[in-house]
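Each chain is listed here by its residues.
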Amino acid sequence: MRAVVAMLLFPVLALAACQREERDTRPQSALGSGEQLTPVTTLEPGGQRPPASDNKAASFEANAFHMSEGKRLFGWFNCSGCHANGGGGMGPALMDQKWLYGSSIESIHATIRDGRPNGMPSFRDKIPDDQIWELAAFVRSLSGNAPSSAAPQRNDDMMAHPSENRMPDAATLGKSP
């Protein structure tokens, strides 16, 4: 009889000893009541300029080196995956004059840094700030908003024909071998 009671009592005690994991289905913010962890920019649709936090824009805006570095970073970070070399794809086109959040270099910098709703991620903690400025300078140049003396040219594979220095000589075209 003791063996039967012990057999029945053991599973009951084992179940009572188990403590179920408690999960909070509505976790509270780390900062408390309703404060956001991610800073929200004052930039809104319509092209209002963000507040100028520093004067870095001037040193990146018409600088050929920074624009060419931005072009390199545009390829490295696969911005073409969404923006299709600036022509638009899943992300907006960067070659036209339609800029939802403004076409100034400060606005473009804020867009890359803070991200935008419905697709553009924030790169605030992923890319150094100087590289974000270089990307912004290059993106601005895609729409023709940069001096032509500083703007990087298209890649050779995107040209309609080879560059002039790679074209066959006109004198040799008329001659037959």
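Please read all numbers here as calculations on a predicted model, not as lab measurements.

**A few points about the nonpolar core**
Here's step 1: Phe74, Ile105, Ile108, Ile112, Leu135 and Val139 are the most contacted members of the largest nonpolar core, which totals 20 residues.
Here's step 2: Looking at this core, the elements that each hand over two or more residues are α2 (56-61), α3 (64-76), α5 (105-114) and α6 (129-142).
Here's step 3: If one sorts the elements of this core by residue count, α6 sits on top with seven residues.
Here's step 4: In contact with Phe74, not counting residues within four places along its chain, are Cys79, Ser80, His83, Asn85, Gly86, Leu94, Leu135, Phe138 and Val139.

**Remarks on the packing of aromatic side chains**
Here's step 1: Under the definition given, this model contains two aromatic pairs.
Here's step 2: Both rings, one in Phe60 and one in Trp133, keep their centres 6.1 Å apart while their planes meet at 20°; by these two values the pair is stacked. Residue Phe60 is located in helix α2, and its partner Trp133 is located in helix α6; the two are separated by 73 residues in the primary sequence.
Here's step 3: Judged by relative accessible area, which is 3%, Trp133 ranks as buried.
Here's step 4: A centroid spacing of 5.3 Å and a plane angle of 65° characterise the contact between Phe74 and Phe138, whose relative ring orientation is edge-to-face.

**Regarding the packing of α3 against α6**
Here's step 1: Interhelical geometry of α3 versus α6 gives an angle of 95° and a closest axis separation of 7 Å. Judged by the inter-axis angle, α3 sits roughly perpendicular to α6. When α3 is examined against α6, the residues His66, Met67, Glu69, Gly70, Lys71, Leu73 and Phe74 are found in contact with a partner set consisting of Gln131, Glu134, Leu135, Ala137, Phe138, Val139 and Ser141.
Here's step 2: Class assignment of the residues belonging to the contact of α3 with α6 gives a composition of seven nonpolar, four polar and three charged.

**Section: the pattern of salt bridges**
Here's step 1: Inspection of every chain in the model, using the stated rule, returns four salt bridges.
Here's step 2: For Arg113, the salt bridge identified is with Asp114, shortest N-O distance 2.9 Å.
Here's step 3: Residue Asp114 is classed as buried on the basis of its relative accessible area of 15%.
Here's step 4: In this structure, Asp114 engages Arg124 in a salt bridge whose closest nitrogen and oxygen atoms are separated by 2.3 Å. Residue Asp114 is found in helix α5, and its partner Arg124 is found in the loop between α5 and α6; the two are separated by 10 residues along the sequence.
Here's step 5: Sharing partners across several salt bridges, the network here consists of Arg113, Asp114 and Arg124.

**As for the layout of surface pockets**
Here's step 1: Its boundaries defined by the atoms lining it, the largest pocket holds a volume of some 690 Å³.
Here's step 2: As for the largest pocket, its lining consists of 29 residues, of which His83, Pro92, Leu94, Thr111 and Met120 are closest to the centre.
Here's step 3: For the lining of the largest pocket, the secondary structure elements donating two or more residues are α4 (80-83), α5 and α6.
Here's step 4: Examining the composition of the lining of the largest pocket, we find that three residues originate from one element, α5, more than from any other.
Here's step 5: Of the residues in the lining of the largest pocket, the class split is 20 nonpolar, seven polar and two charged.

Analysis parameters
- Residues numbered from 1 in each chain as written.
- Predicted model: local features only at pLDDT ≥ 70, side-chain atom pairs only at ≥ 80, totals over all residues.
- Heavy atoms only, no water.
- Core = buried A, V, L, I, M, F, W, Y, C linked by side-chain atoms within 4.5 Å.
- Buried < 20%, exposed > 50% of the residue type's maximum accessible area, 1.4 Å probe, protein only.
- Helix = DSSP H or I, 4+ residues; strand = E, 2+ residues; numbered from the N terminus.
- Contact = heavy atoms within 4.5 Å.
- Phe/Tyr/Trp six-rings, centres within 6.5 Å; stacked < 30°, edge-to-face > 60°.
- Axes fitted to C-alpha atoms, helices over the stretch in contact; angles between N-to-C directions.
- Parallel < 35°, antiparallel > 145°, perpendicular 65-115°, else oblique.
- Nonpolar A, V, L, I, M, F, W, Y, C, P; charged D, E, K, R; others polar.
- Salt bridge = Lys/Arg side-chain N within 4 Å of Asp/Glu carboxyl O.
- 1 Å grid on protein atoms, 1.4 Å probe; cavity = no way out; pocket = protein on both sides within 12 Å on 5 of 7 lines; lining within 4 Å.
- Points joined across faces, edges and corners; volume = space filled by probe spheres on them.

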